[in-house]
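One-letter residues, chain by chain:
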Amino acid sequence: MTTGEMSYQCYIDGKWIDSEQHIAVENPATGEIFARVPDCTTEHADEALASSQQALQSWKMLPAIERGRHIFRLIETLKPKRDHFARLLVLEQGKTLNEAYGEFDDTLTYLTYSAEAARRLEGKIFPSDNAGEQLWIQKVPYGVTIGLCAFNYPLALIGRKVGPALVTGNTIIVKPHEATPVTAMEFAKAVEEAGIPQGVINVISGSGIAVGEHLVKSPITQLVTLTGSIRAGQAICRAVAENITAVSLELGGKASFIVLEDADIDKAADAVVTSRYANCGQVCICAELVLVHEKVAEEFTRKVVEKVKQLKVGDPMDNPDMGPSVTAQNLNRVETIVRDTIESGAKLACGGERPQGAQFEKGNWYLPTVLTEVTPDMAAAREEIFGPVLPIVKIKSYDDAVAITNRREDGLSCYLWTNDYRTIMDGISRLEVGTVFVNKQIVGYIQGYHSGHKRSGIGGEDGVYGIEGYLQKRTVYLDSN
């Protein structure tokens, strides 16, 4: 991989296209610009839309197994590039090298699962009311799909969207986040090398407000799949209203990490540290708020703080426990939340500042932080932090935890630590979230379903239900008389 500043073009209709304006991409560990990508215009977006629409008919008419074979060729093209992509992910996103390798591997898993699903796309046949008739429910692609990706997993989210979109017969335009567009452009190189038909996958960079909104509002677009914030999801819903375009929105949340008095405290403490500080806390299902029973709060907090103080922060290429935040904007937001929470009466148990040393003078660095004596009305307990800060709230009962969790307008995930099977069964029924981790740290299996309730989204990703989200239903009344 080159060490100088890299320059990229967008991939539209099988061609590499530049623009007059460019977006500078910063290394979050150093603040240095290491790459530039096109700041595309609405005209470029229209070219991509026309290309996707032109490719749609022939692509969706291919047998699903043939579409799957194209995805398998893309996988084989990507495999030798594992080291290259991992290092690019570290440069543009700031995750540790081991986390970057994990993201690359997850990307191949997403693509593989989708390719293997080609022979498992199902419809239904129901009995007709009349003789000589059949009633079919077919599942057909939506058409031109827009895939909008967040900055926390810039490569894996592409695989998560491209695989199911393609195997079900859709064409897709991928638009990466402005802060992390480089791996998307490298992915486009693999698309070309794998011989994916032109127009089936287009990759375009640019402003989310200008280019992204234009793609979403187009009457050509039939499905929008977004991974992003609740605010972004609300903007998408407003933008698609005119055309009533289908959406799949995987949005933010603030996962409660509930620790009850009968929990295994040692395991829970290990799990919350892993589940909070993974990817510098920039995971939508990260543990965002500890709700710990007052009877075990002191022991639990002490063990958590001891573990957090041992976490190493440093050059992500050297595989510390945590790297920097992706953007300075996000880091500023984290700092504001911490400051407001402390001013409201919370205590700083550890962290709460930039690490010391020359290597941390530039870049988006922040120490792993724990806040204690937090109450539910404080900023760190209310707002999604999306950074390496763990607020701890004491509760008097399990019902308190359920009430605090359910009163939120979002509902993506939560963690429940208890050894009482009755409480577990009750929590599964009462907690208003898309995923419940029971005595488990953060995880995501491809055969599961990643979705949110309430303001955390519509639709979801992964597994058979994720693939279903890229298909719409067509009813056929077949009279053979």
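Whatever comes next refers back to the structure up there.
Residues numbered from 1 in each chain as written. Predicted model: local features only at pLDDT ≥ 70, side-chain atom pairs only at ≥ 80, totals over all residues. Heavy atoms only, no water.

Asker: Can you help me understand the overall build of the chain in this one?
Answerer: A count of helical and extended segments in the chain gives 15 helices and 25 strands. Relative to the compact-globule value of 23 Å for 481 residues, the chain shows a C-alpha radius of gyration of 23 Å, a close match. If you line up the chain on its principal axes, its C-alpha atoms span 75 × 65 × 40 Å. Expressed as a percentage of contacts within the chain between residues at least 6 apart in sequence, the contacts between residues at least 24 apart total 74%. When the accessible surface of the chain is split by element, carbon and sulfur atoms take 49% of a total near 20,500 Å². (Helix = DSSP H or I, 4+ residues; strand = E, 2+ residues; numbered from the N terminus. Rg over C-alpha atoms; globule rule 2.2 N^0.38 Å. Contact = heavy atoms within 4.5 Å. Areas by Shrake-Rupley, 256 points an atom, 1.4 Å probe, with all protein chains shown as cover.)

Asker: Mind showing me how you'd approach the pairing of strand S11 (residues 223-227) here?
Answerer: Where a strand is regular, its side chains alternate between the two sheet faces. The element S11 is extensively covered by neighbouring structure, given that 5 of its 5 residues are classed as buried. Of the two faces of S11, both are covered, the one formed by Leu223, Thr225 and Thr227 as well as the one formed by Val224 and Leu226. Of the pairings in the sheet, the one linking strand S8 (residues 144-148) to S11 comprises 4 bridges and is parallel in character. What sits directly across from Ile146, in S11, is Val224. Across 5 bridges, the pairing between S11 and strand S12 (residues 246-250) is parallel. Note that in S12 the partner of Thr227 across the bridge is Glu250. Read as a crossover between parallel neighbours, the route from S11 over helix H8 (residues 230-240) to S12 is right-handed. (Buried < 20%, exposed > 50% of the residue type's maximum accessible area, 1.4 Å probe, protein only. Pairing = 2+ DSSP bridges. Right-handed = clockwise from strand over helix to strand, strands pointing away.)

Asker: What's the story with the packing of aromatic side chains in this structure? I'm lost.
Answerer: We describe a pair of aromatic rings using the distance from one ring centre to the other and the angle between the two ring planes. A complete count under the given rule lists 8 aromatic pairs for this structure. Their ring planes at 35° and their centres at 5.8 Å tell us that Phe85 and Phe104 sit as a pair that is tilted. You can see Phe85 sitting in helix H3 (residues 82-93) and its partner Phe104 sitting in helix H4 (residues 97-116), a full 19 residues away along the chain. Look at Phe104 and you get buried, because its relative accessible area is 2%. Aromatic pair Phe151 and Phe386: ring centres 5.9 Å apart, planes at 70°, arrangement edge-to-face. (Phe/Tyr/Trp six-rings, centres within 6.5 Å; stacked < 30°, edge-to-face > 60°.)

Asker: I tried to follow the pattern of salt bridges on my own but got confused; where do I start?
Answerer: Side-chain pairing between opposite charges can occur once the charged atoms of the two side chains come close. Under the criterion given, the structure shown has 30 salt bridges. Between Glu193 and Lys81 there is a salt bridge whose closest N-O contact spans 3.2 Å. In this pair, Glu193 is assigned in helix H6 (residues 182-193) and Lys81 in the loop between helix H2 (64-78) and H3, connecting sequence segments 112 residues apart. For Glu193, a relative accessible area of 52% gives the class exposed. The partner of Lys295 in a salt bridge is Glu261, with the nearest N and O atoms 3.5 Å apart. Residue Lys295 is found in the loop between strand S14 (287-293) and helix H10 (297-309), and its partner Glu261 is found in the loop between strand S13 (255-259) and helix H9 (265-277); the two are separated by 34 residues along the sequence. (Salt bridge = Lys/Arg side-chain N within 4 Å of Asp/Glu carboxyl O.)

Asker: Any chance you could explain the sheet that holds strand S1 (residues 6-7) here in plain terms?
Answerer: Picture the strands of a sheet paired through backbone hydrogen bonds; they go either parallel or antiparallel. The strand order S1-S5-S4 describes an open sheet built from 3 strands, whose pairing is mixed. Two strands in the sheet have a free side with no partner beyond their single neighbour: S1 and strand S4 (22-26). Sheet topology note: the S1/strand S5 (residues 33-38) ladder contains 2 bridges and is parallel. Counted as the bridge partner of Met6 is Ala35 from S5. The strands touched by H3 within the sheet are S1, S4 and S5, with S4 carrying the most contacts at an inclination of about 95°. (Axes fitted to C-alpha atoms, helices over the stretch in contact; angles between N-to-C directions.)

Asker: Honestly, the sheet that holds S14 in this entry has me stumped. Any pointers?
Answerer: An order of S15-S16-S17-S14-S13-S19-S20 is seen for the 7 strands of this open sheet, with the pairing classed as mixed. Both outer strands of the open sheet, strand S15 (347-350) and strand S20 (435-438), are each paired with one neighbouring strand and no more. In this sheet, adjacent strand axes meet at a mean angle of 25° when their direction is disregarded. Of the strand pairs in this sheet, S15 and strand S16 (residues 369-374) are connected by 3 bridges, and their pairing is antiparallel. In the sheet register, Leu348 faces S16, and the bridge partner there is Leu371.

Asker: Is there a simple way to explain the pairing of S14 in this structure?
Answerer: Within S14, 7 of the 7 residues are buried, which leaves it mostly tucked inside the rest of the structure. With 5 bridges joining them, S13 and S14 adopt parallel strand pairing. Looking at the pairing, Ile258 lines up with Leu291 of S14.

Asker: Explain the packing of H2 against H6 to me, please; I cannot follow it from the model alone.
Answerer: Packed helix pairs are characterised by how far apart their axes lie and by the angle those axes make with each other. Contact geometry of H2 with H6 gives a least axis separation of 9 Å together with a crossing angle of 120°. The pairing of H2 with H6 is recorded here as oblique in orientation. In this structure, H2 meets H6 at a crossing whose hand is right-handed. Between H2 and H6, the residues in contact are Leu74, Thr77 and Leu78 and Phe187, Ala190, Val191 and Glu193, respectively. (Parallel < 35°, antiparallel > 145°, perpendicular 65-115°, else oblique. Left-handed = near helix turned anticlockwise from the far one by under 90°.)

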